[in-house]
Amino acid sequence: MHRIIATTALAFSLLLGSAQAEDRPTLEIVWPAAGSVIELGNDAEKAIGVIVRSNFTLLPAGECGDNSHCGHVHMKIDPDGDTCNIPGRPYNSMNSDFGGDLIKARFGHCPDADGKHVIGILLADDHHKPILVDGKPVTAMVTVTTK
């Protein structure tokens, strides 16, 4: 009997521990995979869809209400600089208008759309402020080659 109680208590404590770990915001780029070679279209934006995954609910900005695990994604191409940003904006794209796990990477804003690029994404709250863990923004990056 004591073994059953101890085993149940251990299982319950492990379950609580993993639930707390899952509460930490996560963000990853599902597609394109790191190292991918991507052919761009001939349109002016030379856009591709980037698919993300997060344990946050990704909704349009202003629609999260009281849900503290809700937000959207901001994206920069070559995030060490601003050369690929939309003119006058601090980003290349964000999904704050529609939410969800898809965000558009607009390589047409880069001085040279073809070549090696880093796609960087940042998890933002309902008011466009970065979500922080241990004082650092929740981000994900992949390096791709476009042609």
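All of these numbers come straight from a predicted model, not from anything done at the bench.

Digging into the environment of Ile131
In step 1: By the element assignment, Ile131 lies in the loop between β8 (115-124) and β9 (132-133).
In step 2: Note: C-alpha distance between Ile131 and His69 (62 residues apart in sequence) is 9.6 Å.
In step 3: Excluding anything up to four places from it in sequence, Ile131 contacts Pro25, Phe56, Leu123, Ala124, Asp125, Lys136, Pro137 and Val138.

Brief notes about the nonpolar core
In step 1: One finds Val50, Phe107 and Ile119 to be the most contacted residues of the largest nonpolar core, which totals 27 residues.
In step 2: Counting only elements with at least two residues in this core, the list comes to β1 (27-31), β3 (47-54), β5 (70-77), β7 (102-106), β8 and β11 (139-146).
In step 3: Beyond its immediate sequence surroundings of up to four residues, Val50 is in contact with Ile29, Trp31, Pro32, Met75, Asp101, Leu102, Ile103, Ala105 and Ile119.

Considering the pattern of salt bridges
In step 1: Scanning the model with the defined rule gives five salt bridges in all.
In step 2: Glu45 is the salt-bridge partner of Arg106, the closest N and O atoms lying 2.9 Å from each other. Separated by 61 residues along the polypeptide, Arg106 in strand β7 and Glu45 in the loop between β2 (37-38) and β3 bring together distant segments of the chain.
In step 3: Judged by its relative accessible area of 29%, Glu45 is partly exposed.
In step 4: In the salt-bridge network here, residues are joined through shared partners; they are Glu45, Lys104 and Arg106.

Remarks on the state of the cysteines
In step 1: Enumeration according to the criterion identifies two disulfides in this entry.
In step 2: The disulfide partner of Cys84 is Cys110, and the S-S distance across this bridge is 2.1 Å. Note on the Cys84 and Cys110 pair: the S-S dihedral is about 120°, so by sign convention the disulfide is right-handed. In this pair, Cys84 is assigned in the loop between β5 and β6 (93-94) and Cys110 in the loop between β7 and β8, connecting sequence segments 26 residues apart. Cys110 matches Cys84 in its accessibility class, with the two residues each being buried.

About the thresholds
- Residues numbered from 1 in each chain as written.
- Predicted model: local features only at pLDDT ≥ 70, side-chain atom pairs only at ≥ 80, totals over all residues.
- Heavy atoms only, no water.
- Helix = DSSP H or I, 4+ residues; strand = E, 2+ residues; numbered from the N terminus.
- Contact = heavy atoms within 4.5 Å.
- Core = buried A, V, L, I, M, F, W, Y, C linked by side-chain atoms within 4.5 Å.
- Buried < 20%, exposed > 50% of the residue type's maximum accessible area, 1.4 Å probe, protein only.
- Salt bridge = Lys/Arg side-chain N within 4 Å of Asp/Glu carboxyl O.
- Disulfide = S-S within 2.5 Å.

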